[in-house]
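# Coordinate inspection notes
Residues per chain are reported as follows:
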Amino acid sequence: MKNKSIMKIDFKKNSDGLVPAIIQDFVTRQVLMLGYMNKEAYEKTVATGKVTFFSRTKNRLWTKGEESGNFLNLVSIKNDCDNDSLLIKVKPVGATCHKGSDTCWDETNEQSFGFLSELESVITGRRLNADAEKSYVASLFKKGINKIAQKVGEEAVEIVIEAKDNNDELFLNEGADLLFHYLILLQAKGYTLKDIVKILEGRHS
């Protein structure tokens with residue numbers, strides 16, 4: 001985390017001495033809430049490791065979770081290019097919103113892997129609802145785990161072959177095929193990318 005002695009935050013830019021503080025989950029990268037800090041709230045956040053705001057309603061410093069126990073444990077603080085707003089990454093304890101939801105926009109705080117998460121959703125939809133005679137994915141699930149595993153093996157062999165040649169386009173396409181079929185295999189075994197990421201994170205730590 002940036003040391004507070006070198007952070008240049010312009011608390012005087014606004015007449016009330018407050019700067020907006022965007023709260024983001026360190027793991028999922030989801031935005032959880034927006035609060036406001038003055039200099040004292042910022043310093044208390046850094047000192048305690050628990051995010052503290054200046055509550056305009058209560059007109060005092062307010063540590064998130066001081067009543068509910070749903071603290072925002074500090075990971076890092078960054079200020080923006082104009083030094084007048086903060087991006088604060090946290091590890092939340094419990095729900096962030098006072099109404100009980102994960103975020104103040106009533107969204108689920110789940111980790112997303114961009115297009116790969118969308119692709120997983122498509123695979124799930126085809127597995128549950130598609131006609132096996134019209135959908136390649138549905139047909140694989142209908143044929144069972146052995147056929148799916150066989151396809152992953154075939155794609156793995158093909159990418160190894162392409163890795164030894166100099167055709168980058170074929171190599172990348174085989175990589176896409178391998179990843180696609182691996183996502184299908186994961187679902188056939190009852191898992192998702194999140195389960196794999198969890199293992200990798202455990203190894204990294």
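Above this text sits the structure in question.
A brief structural summary. (Residues numbered from 1 in each chain as written. Predicted model: local features only at pLDDT ≥ 70, side-chain atom pairs only at ≥ 80, totals over all residues. Heavy atoms only, no water.)

## Quick word on the overall build of the protein chain
- Per the secondary structure count, the protein chain includes six helices and six strands.
- Listed by position from the N terminus, the elements making up the protein chain come as β-β-α-β-β-β-β-α-α-α-α-α.
- Residues classed as buried in the protein chain amount to 34% of the 205 residues present.
- Taking the intrachain contacts of the protein chain between residues at least 6 apart in sequence as the baseline, contacts between residues at least 24 apart amount to 49%.
- Surface accessibility of the protein chain: about 12,800 Å² in total, with carbon and sulfur atoms responsible for 52%.
- The averaged location of the 29 negative side-chain charges in the protein chain is 7 Å from the averaged location of its 29 positive side-chain charges. (Helix = DSSP H or I, 4+ residues; strand = E, 2+ residues; numbered from the N terminus. Buried < 20%, exposed > 50% of the residue type's maximum accessible area, 1.4 Å probe, protein only. Contact = heavy atoms within 4.5 Å. Areas by Shrake-Rupley, 256 points an atom, 1.4 Å probe, with all protein chains shown as cover. Lys, Arg positive; Asp, Glu negative; His and termini not counted. Charge placed at Lys NZ, Arg CZ, Asp CG, Glu CD.)

## Quick notes on helix 2 (residues 115-129)
- Between its first and last C-alpha, helix 2 extends 21 Å over 15 residues, near the 21 Å set by a 1.5 Å rise per residue.
- Along helix 2, the residues that are buried comprise S117, L119, E120 and I123. Buried residues of helix 2, seen end-on, are gathered within an arc of 155 degrees and therefore sit on one face of the element. In this structure, helix 2 carries F115, E118, S121, L128 and N129 as exposed residues pointing more than 90 degrees from its buried face. (Expected span 1.5 Å × (residues − 1). Arc of directions from axis to C-beta.)

## Details of the nonpolar core
- With 19 residues, the main nonpolar core has I23, M37, L86 and I88 as its most contacted residues.
- Put simply, the parts of the chain that give this core at least two residues each are strand 1 (19-25), strand 2 (31-37), helix 1 (39-48), strand 5 (72-79) and strand 6 (86-92).
- When residues no more than four places from it in sequence are discounted, the contact partners of I88 are A21, I22, I23, Q24, M37, V51, L74, S76 and I77. (Core = buried A, V, L, I, M, F, W, Y, C linked by side-chain atoms within 4.5 Å.)

## Re the pairing of strand 2
- The pairing of strand 1 with strand 2 spans six bridges and is antiparallel. Bridged to I23 within strand 2 is M33.
- Joining the antiparallel neighbours strand 1 and strand 2 is a turn of five residues, in which R29 adopts a positive phi near 70 degrees. (Pairing = 2+ DSSP bridges.)

## What about a nonpolar patch on the surface?
- Taken together, the side chains of I22, V31, L34 and W105 make up a nonpolar region of the molecular surface, amounting to roughly 350 Å² of accessible area.
- You can see W105 is positioned in the loop between strand 6 and helix 2.
- For W105, a relative accessible area of 49% gives the class partly exposed. (Patch = residues over 30% accessible without salt bridge, like charges linked within 9 Å, V, L, I, M, F, W, Y side chains within 5 Å. Salt bridge = Lys/Arg side-chain N within 4 Å of Asp/Glu carboxyl O.)

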